[in-house]
Amino acid sequence: MKKKLESEVSNMGKDKKDQILQNFNHFKGYLADKVEKGESLGMSDEQLAKTTTFIADYLSRHEEPRNREQYLLQELWDSGTKEEQHSLAHMLLKMVRQA
């Protein structure tokens, strides 16, 4: 699954990536859509949190924040331990479910 996610994210066109990441509300909507799809496939909260962790790691390593909300998330992510990052992943899931 990680290989598929990494391939999907890294092969995403620059324009599409920019469209998703430029505006924080677009970013939350995109994540909410992906979480909904994962839930429809029967993924548990823990599986979704692990996927969120993978994506957050990828974004932290490969993408520059494009707005202050993303900058804050990256700072929190980069300063956290693995446990704290996992907790933040659960919080991100909760946030996008409410979006």
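Refer to the structure above for everything that follows.
Analysis parameters
- Within each chain, residue numbers correspond to sequence positions counted from 1 in written order.
- Two thresholds apply to this predicted model, a pLDDT of at least 70 for residue-level local features and 80 or more for giving and counting side-chain atom pairs, whereas whole-chain, interface and lining totals are computed over all residues.
- The side-chain values count all of the structure's non-hydrogen atoms but skip hydrogen atoms and water molecules.
- In DSSP terms, a helix is any run of H or I states spanning at least four residues, a strand is any run of E spanning at least two, and both are numbered starting from the N terminus.
- Note on method: radius of gyration uses C-alpha positions; expected globular size equals 2.2 Å times residues raised to 0.38.
- The cut-offs for exposure are 20% and 50% of the maximum accessible area for each residue type, with area from a 1.4 Å probe on protein chains only; residues under the lower value are buried, those over the upper are exposed, and the others partly exposed.
- The contact criterion used is simple: two residues touch if any of their non-hydrogen atoms lie within 4.5 Å.
- For every accessible area listed, the method is Shrake-Rupley and the probe measures 1.4 Å; residues are considered covered only by the protein chains on display.
- A residue counts as positive if it is Lys or Arg and as negative if it is Asp or Glu; His and the chain ends are not included.
- One atom stands in for each charge, and that atom is NZ of Lys, CZ of Arg, CG of Asp or CD of Glu.
- Each Phe, Tyr or Trp ring (for Trp, its six-membered ring) is paired with any other whose centre lies within 6.5 Å, and the angle between the two planes then decides the class: stacked below 30 degrees, edge-to-face above 60, tilted in between.
- Given the number of residues in a helix, its expected span is that number minus one, multiplied by 1.5 Å.
- Taking the helix axis as origin, the arc is that swept by the directions to the C-beta atoms.
- Under this definition, polar contacts are N or O atom pairs within 3.5 Å; protein pairs additionally need one hydrogen-donor-capable and one acceptor-capable atom, and for neighbouring residues in sequence, both atoms have to be side-chain atoms.

Engineer: Run through the overall build of the protein chain, naming residues and quoting values.
Structural biologist: When helices and strands are counted, the protein chain shows six helices and zero strands. For the protein chain, the succession of helices and strands along the chain, N to C, is α-α-α-α-α-α. Here the C-alpha atoms of the protein chain give a radius of gyration of 13 Å, agreeing with the 13 Å that 2.2 N^0.38 yields for 99 residues. If one aligns the C-alpha atoms of the protein chain with their principal axes, the spans along those axes are about 30 × 30 × 25 Å. When burial is assessed residue by residue, the protein chain has 37% of its 99 residues classed as buried. Of the contacts formed within the protein chain by residues at least 6 apart in sequence, a portion of 67% connects residues at least 24 apart. Of the accessible surface of the protein chain, which amounts to about 6,800 Å², a share of 53% is contributed by carbon and sulfur atoms. In the protein chain, which carries 16 positive and 17 negative side-chain charges, the distance between the mean positions of the two groups comes to 4 Å.

Engineer: Provide a residue-level description of the packing of aromatic side chains, including the pertinent values.
Structural biologist: All chains considered together, the criterion is met by one aromatic pair. Where Phe24 meets Phe27, the ring centres are 5.9 Å apart and the plane angle is 35°; that geometry is what we call tilted. With a gap of three residues between them, Phe24 and Phe27 both fall in helix α3 (residues 24-40), about one helical turn apart. According to the relative accessible area criterion, Phe24 is buried, its value standing at 13%.

Engineer: Quick rundown of α3? Include the residues and the values.
Structural biologist: Counted at 1.5 Å a residue, the expected span for α3 with its 17 residues is 24 Å, and the 24 Å between its end C-alpha atoms agrees. Within α3, the full set of buried residues consists of Phe24, Phe27, Lys28, Leu31, Ala32, Val35 and Gly38. One face of α3 carries all of its buried residues, which in axial projection span an arc of 135°. Every exposed residue of α3 that faces more than 90 degrees away from the buried side is listed here: Asn25, Glu36 and Ser40. Turning to α3, the residues buried within the fold contact α2 (14-22), α4 (45-62), α5 (68-79) and α6 (82-97). One side-chain oxygen at the N-terminal end of α3 lies 2.7 Å from the backbone nitrogen of Asn25; it belongs to Asn23. At the C-terminal side of α3, Gly42 shows a positive phi close to 90°.

None of this, on its own, says anything about what the molecule does.
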